[in-house]
Amino acid sequence: MSLLDSINHFSYGAFCIWQRNILVWKKLIGPALMLHFGEPLIYLFGLGYGIGQLVGDINGISYVSFLATGIIASSAMTTASLEGTYSVFTRMVPQQTYKAILTTPIKIEQIIAGEFLWCANKALFSSTAILIIATLLGLVESWQALWVFPIILISSIAFAAPAIIVAALSPSYDYFNYYFTLAVTPMFILCGVFYPISSMPSAMQIAVQFLPLTHTVELVRPLMLGQDVQNTFYHIAILLVYAGAGTILAMHIARKKFRL
Amino acid sequence: MIIQLKNISKIINNRIIVNNLSFTMRAGHCFGLLGPNGAGKTTTINMILGLITPSSGQLTVFDMQQPRHGSKIRKKIGVVSQEDNLDPDFSVFENLIMHGRYFRLAKDQIVDQANSLLASMELLKHKDLKPLQLSGGMRRRLSIARALMNTPELIVLDEPTTGLDPQVRHLIWERLRELRNQGTSILLTTHYMEEAERLCDELMILDQGIAIESGTPRELINQHIEPHVFELDKSAAQTHSLKNTASQRIEMIGDTVYIYTTQSHLVRQHLDALSDDQQIHYLHRPANLEDVFLKITGRDLDE
Ligand SMILES: Nc1ncnc2c1ncn2[C@@H]1O[C@H](COP(=O)(O)OP(=O)(O)O)[C@@H](O)[C@H]1O
Ligand SMILES: [Mg+2]
């Protein structure tokens, strides 16, 4: 088999898994859209305009604009994390979906790749929804905001990888609490979604450099506000390290789990 | 040869699950792996499918090394797993369609195949239901239909009729016989001797990971067991103090006494004579694989 054949063969399998998931998603499109549009609206109106009254501008930007840019980034994280843990675990263990698929020519690596695709896809859905809302509210400053999509794509892989690893290692749903309490929630609060990280003590500012969400926020915010992005390659590099190392590790752990 | 195992062993957590197993399965045959729970049947199947790597030994399927060629080999196999693992998010029909996609079949071929399999498994009128809305028997029929989506050369069924009512069991046997007549090879695990006897050309009896016997069902029965069996209640047997004689061999398992014999008329006369003063209820039947298993392992199969 030539390299091209192998790539074609591999991606077909991953595509099947992505297709499976999107077919299921389409059956529940109502609740899904409710979540994608409803949640950010509540944040923007409730926190953005509410707290915005008290906070005023941040570095010359209205608080609601500041928050909208943060929420696009954090929604990529929450979407990929929830899908990568709860939904993947459901297919992996209680539903035995993977077990059934593994009796076909499709391999575990293709299943995991398909799940990555789907996590990224879902993160893009939610970012798109927020971008639409933000644009309608007049919070987006320039066309350069479209660069948000590739950033969300890389970020969602960076978030999906640890989530899928957690799913593969957890004996039950309850164990996800560790991951959400120790990783996802701290990132949500500390990585610059709600306030600039420069307002934290300097030790904290250094610590959050190790967390992927910080870099997603640092990239997405200026892109939406029509500003120049600082340290672009540094931020992208960190996200790529998370995505790359995470993918390799996730594949390895899934292979161990499914191939005795 | 469709399947060839040479000295296959599998050790998990320092426990020998499959112990030095060797057998070959010929194309077009129905091969049965027989044994009680925990014998290692499912583990053996998973090694054949390339889903578990043997600890030692040589394993080829369609003359290709397993697990190295797992994907290529599985393209030609249909699998009915021991537990139903239908996709609960899809309807009956969608389950088949999605499965066809995993095999990369052409779109129209998938739809035609799905419809004709649903018809043959008597599931057409349930095609829009979800698996959880089906009865156990329907789910199992759907699992079999799903396994046939890729028109496999070999179909592997892990305890396909366990827990099903006799009607469904007969429908499944019927379909399996049709498949074999069309030339499909069948690998079957079961702990129902009747199933093995009806369907299998060749059998291997597994116990605690070890192959203890193999041959055709007839061979096994003729080799190990007298052709006639009388079953009677333990209490009845005790009052009449039945004994081993030249014409009868007596085994006692649980509350049942089994009399094995080549000369059924002698035993029958004897029992009927005893019945003169007190009625003895007994069952006279031909020997079956259950008896073979009993004799070889000294245990009931369902224990
Ligand atoms: N992944 C595993 N880890 C530990 N023990 C296992 C594993 N899989 C199977 N076993 C053990 O191996 C034995 C044989 O299992 P199995 O092949 O499922 O038997 P059967 O299908 O004949 O009932 C059982 O005792 C089971 O507990
Ligand atoms: Mg089993």
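Cut-offs applied
- Residues numbered from 1 in each chain as written.
- Chains lettered and ligands numbered in written order.
- Predicted model: local features only at pLDDT ≥ 70, side-chain atom pairs only at ≥ 80, totals over all residues.
- Heavy atoms only, no water.
- Helix = DSSP H or I, 4+ residues; strand = E, 2+ residues; numbered from the N terminus.
- Buried < 20%, exposed > 50% of the residue type's maximum accessible area, 1.4 Å probe, protein only.
- Lys, Arg positive; Asp, Glu negative; His and termini not counted.
- Charge placed at Lys NZ, Arg CZ, Asp CG, Glu CD.
- Domains from an automatic or database assignment.
- Donors = N, O, S within 2.8 Å, 3.2 Å for Na, K, Ca; no water.
- 1 Å grid on protein atoms, 1.4 Å probe; cavity = no way out; pocket = protein on both sides within 12 Å on 5 of 7 lines; lining within 4 Å.
- Points joined across faces, edges and corners; volume = space filled by probe spheres on them.
- Nonpolar A, V, L, I, M, F, W, Y, C, P; charged D, E, K, R; others polar.
- Contact = heavy atoms within 4.5 Å.
- Salt bridge = Lys/Arg side-chain N within 4 Å of Asp/Glu carboxyl O.
- Patch = residues over 30% accessible without salt bridge, like charges linked within 9 Å, V, L, I, M, F, W, Y side chains within 5 Å.
- Areas by Shrake-Rupley, 256 points an atom, 1.4 Å probe, with all protein chains shown as cover.
- Phe/Tyr/Trp six-rings, centres within 6.5 Å; stacked < 30°, edge-to-face > 60°.
- Near = heavy atom within 4 Å.
- Polar contact = N/O pair within 3.5 Å; in protein donor to acceptor, adjacent residues only side chain to side chain.
- Pairing = 2+ DSSP bridges.
- Axes fitted to C-alpha atoms, helices over the stretch in contact; angles between N-to-C directions.
- Core = buried A, V, L, I, M, F, W, Y, C linked by side-chain atoms within 4.5 Å.

Novice: Would you mind going over the overall build of chain B with me for this structure?
Specialist: Regarding its fold elements, chain B presents eleven helices and 14 strands. On the principal axes, the C-alpha backbone points of chain B span a range of 75 × 45 × 35 Å. Out of the 303 residues in chain B, the part that is buried amounts to 53%. Distance between charge centres in chain B, computed from 33 positive and 37 negative side chains, equals 8 Å.

Novice: What should I look at first to understand the domain arrangement of chain B in this one?
Specialist: It is common to report an interface's size as the accessible area lost on association of the parts. Examined at the domain level, chain B breaks down into domain 1 (3–221) and domain 2 (226–286). Inter-centroid distance (C-alpha atoms) of domain 1 of chain B to domain 2 of chain B is 39 Å.

Novice: What is the right way to look at the coordination of the magnesium ion (ligand 2) in this model?
Specialist: Six octahedral donors around a metal ideally sit at 90 or 180 degrees from one another, while four tetrahedral donors ideally sit at 109.5 degrees. Listed as protein donors to the magnesium ion (ligand 2) are B:T42 (OG1) and B:Q82 (OE1); their distances from the metal cover 2.0 to 2.2 Å. On the criterion of sequence distance, the pair formed by B:T42 in helix 1 (residues 41–49) and B:Q82 in the loop between strand 6 (77–80) and helix 3 (92–102) is long-range, its members being 40 residues apart.

Novice: Would you mind going over the layout of surface pockets with me for this structure?
Specialist: The method is simple in principle: a probe with the dimensions of a water molecule rolls over the atoms, and the space it marks as empty is what remains. Residue and element names in this part refer to chain A. By volume, the largest pocket is sized at about 760 Å³. Lining the largest pocket are 33 residues, and of these L35, H36, T79, L82 and K122 lie nearest its centre. If you list the elements that add at least two residues to the lining of the largest pocket, you get helix 1 (3–27), helix 2 (29–55), helix 3 (63–92), helix 5 (108–136) and helix 7 (176–190). Here the lining of the largest pocket gets twelve residues from one element, more than from any other, and that element is helix 3. Partitioning the lining of the largest pocket into residue classes produces 16 nonpolar, eleven polar and six charged. Roughly 600 Å³ of internal volume is contained in the second largest pocket.

Novice: It is not clear to me how the side chain of A:E115 should be interpreted in this structure. Could you clarify?
Specialist: Structurally, A:E115 is set in helix 5. Leaving out residues up to four positions away in the same chain, A:E115 has contacts with A:I17, A:N21, A:V88, A:R91, A:Y98 and A:I164.

Novice: Mind showing me how you'd approach the interface of chain B and chain A here?
Specialist: Contact residues are listed per partner, giving 29 residues for chain B and 25 residues for chain A. One can count four salt bridges joining chain B with chain A. With its nearest N and O atoms 2.6 Å apart, the salt bridge here joins B:D87 to A:R20. For the side of chain B that touches chain A, the elements supplying multiple residues, two or more each, are strand 1 (3–12), helix 2 (70–74) and helix 3 of chain B. For the side of chain B that touches chain A, the leading source of residues is helix 3 of chain B, giving five residues. Its residues assigned to classes, the side of chain B that touches chain A shows eleven nonpolar, seven polar and eleven charged.

Novice: Teacher, can you tell me more about the environment of B:V79 here?
Specialist: Along the chain, B:V79 turns up in strand 6. Looking at B:V79, the relative accessible area reads 8%, which means it is buried. Distance in space between the C-alpha atoms of B:V79 and B:N13 is 27 Å, their sequence separation being 66 residues. With sequence-adjacent residues up to four places away left out, B:V79 is seen in contact with A:T103, B:L49, B:A147 and B:V156.

Novice: Explanation requested: empty space enclosed by the protein in the structure shown.
Specialist: Taken as a whole and assessed by the stated rule, the structure comprises two cavities of 30 Å³ or more. Listing elements by their share of the lining of the largest cavity, those giving two or more residues are helix 4 (97–101) of chain A together with helix 3 of chain B. Counting residues per element, the lining of the largest cavity draws most heavily on helix 3 of chain B, which supplies four residues. One number sums up the size of the second largest cavity: a volume of about 40 Å³. Residue lining of the second largest cavity: B:I225, B:R249, B:E251, B:I253, B:Y260, B:D291, B:L294 and B:K295, and that is the complete set. Along the lines of polarity and charge, the residues of the lining of the second largest cavity split into four nonpolar, no polar and four charged.

Novice: Sorry, what's going on with a nonpolar patch on the surface here?
Specialist: Together, A:L3, A:L4 and A:I7 line one region of the surface with nonpolar side chains, adding up to about 360 Å² of accessible area. By the element assignment, A:I7 lies in helix 1.

Novice: Can you walk me through the packing of aromatic side chains in this structure?
Specialist: Aromatic rings in a pair are described by how distant their centres are and how their planes are angled relative to each other. All names here are of chain A. For the structure shown, the criterion picks out 21 aromatic pairs over all chains. On the numbers, 6.3 Å between centres and 70° between planes, the contact of W25 with W118 is edge-to-face. In this pair, W25 sits in helix 1 while W118 sits in helix 5, placing the two residues 93 residues apart along the sequence. An identical accessibility class is assigned to W25 and W118; each is buried.

Novice: Just to check I follow, could you spell out the site of ligand 1 for this structure?
Specialist: Within the structure, ligand 1 sits among twelve residues, and B:R15, B:G38, B:K41, B:T42 and B:T43 are positioned closest to it. In this structure, ligand 1 is bordered by residues of chains A and B. Contacts to ligand 1 include B:T42, whose side-chain N or O atom sits 2.6 Å from an oxygen atom. Relative to its unbound accessible area of 560 Å², ligand 1 is 67% covered by the protein chains. If you list the elements that add at least two residues to the shell around ligand 1, you get strand 2 (15–25) and helix 1 of chain B. For the shell around ligand 1, the element with the most residues is helix 1 of chain B, which contributes three residues.

Novice: Is there a simple way to explain the sheet that holds strand 4 (residues 56–61) of chain B in this structure?
Specialist: Remark on secondary structure: sheet strands pair via backbone hydrogen bonds, oriented parallel or antiparallel. Residues and elements named next belong to chain B. A sheet is described by the order of its strands in space; here four strands give the open sequence 2-1-4-5, paired in antiparallel fashion. In this open sheet, the two strands that pair with only one neighbour each are strand 2 and strand 5 (64–65). Packed onto the sheet, helix 1 meets strand 1, strand 2 and strand 4 and runs at close to 60° relative to strand 2.

Novice: Help me understand the sheet that holds strand 8 (residues 185–190) of chain B, please; the structure alone is not making it clear to me.
Specialist: Residue and element names in this part refer to chain B. Overall, mixed pairing links the six strands, which are arranged 6-7-8-3-9-10 in an open sheet. Looking along the sheet, the strands with just one partner apiece sit at the ends: strand 6 and strand 10 (210–215). Here the average twist between neighbouring strands, direction ignored, is 15°. Contacts from helix 5 (residues 136–147) reach strand 6 and strand 7 (154–158) within the one sheet, and its direction differs from that of strand 6 by about 165°. The strands that helix 11 (residues 289–297) touches are strand 3 (30–34), strand 9 (202–207) and strand 10; relative to strand 9, the one it contacts most, it runs at about 35°.

Novice: Where do I start with the nonpolar core in this structure?
Specialist: Within soluble globular proteins, side chains that are nonpolar tend to cluster in buried spots. Counting 106 residues, the largest nonpolar core has A:L213, B:I3, B:F23, B:I77, B:L154 and B:L187 as its most contacted members. For this core, the element with the most residues is helix 3 of chain A, which contributes 14 residues. In this structure A:L213 touches A:A73, A:S74, A:M77, A:F159, A:M187, A:F188, A:C191 and A:V193, once residues within four positions along its chain are discounted.

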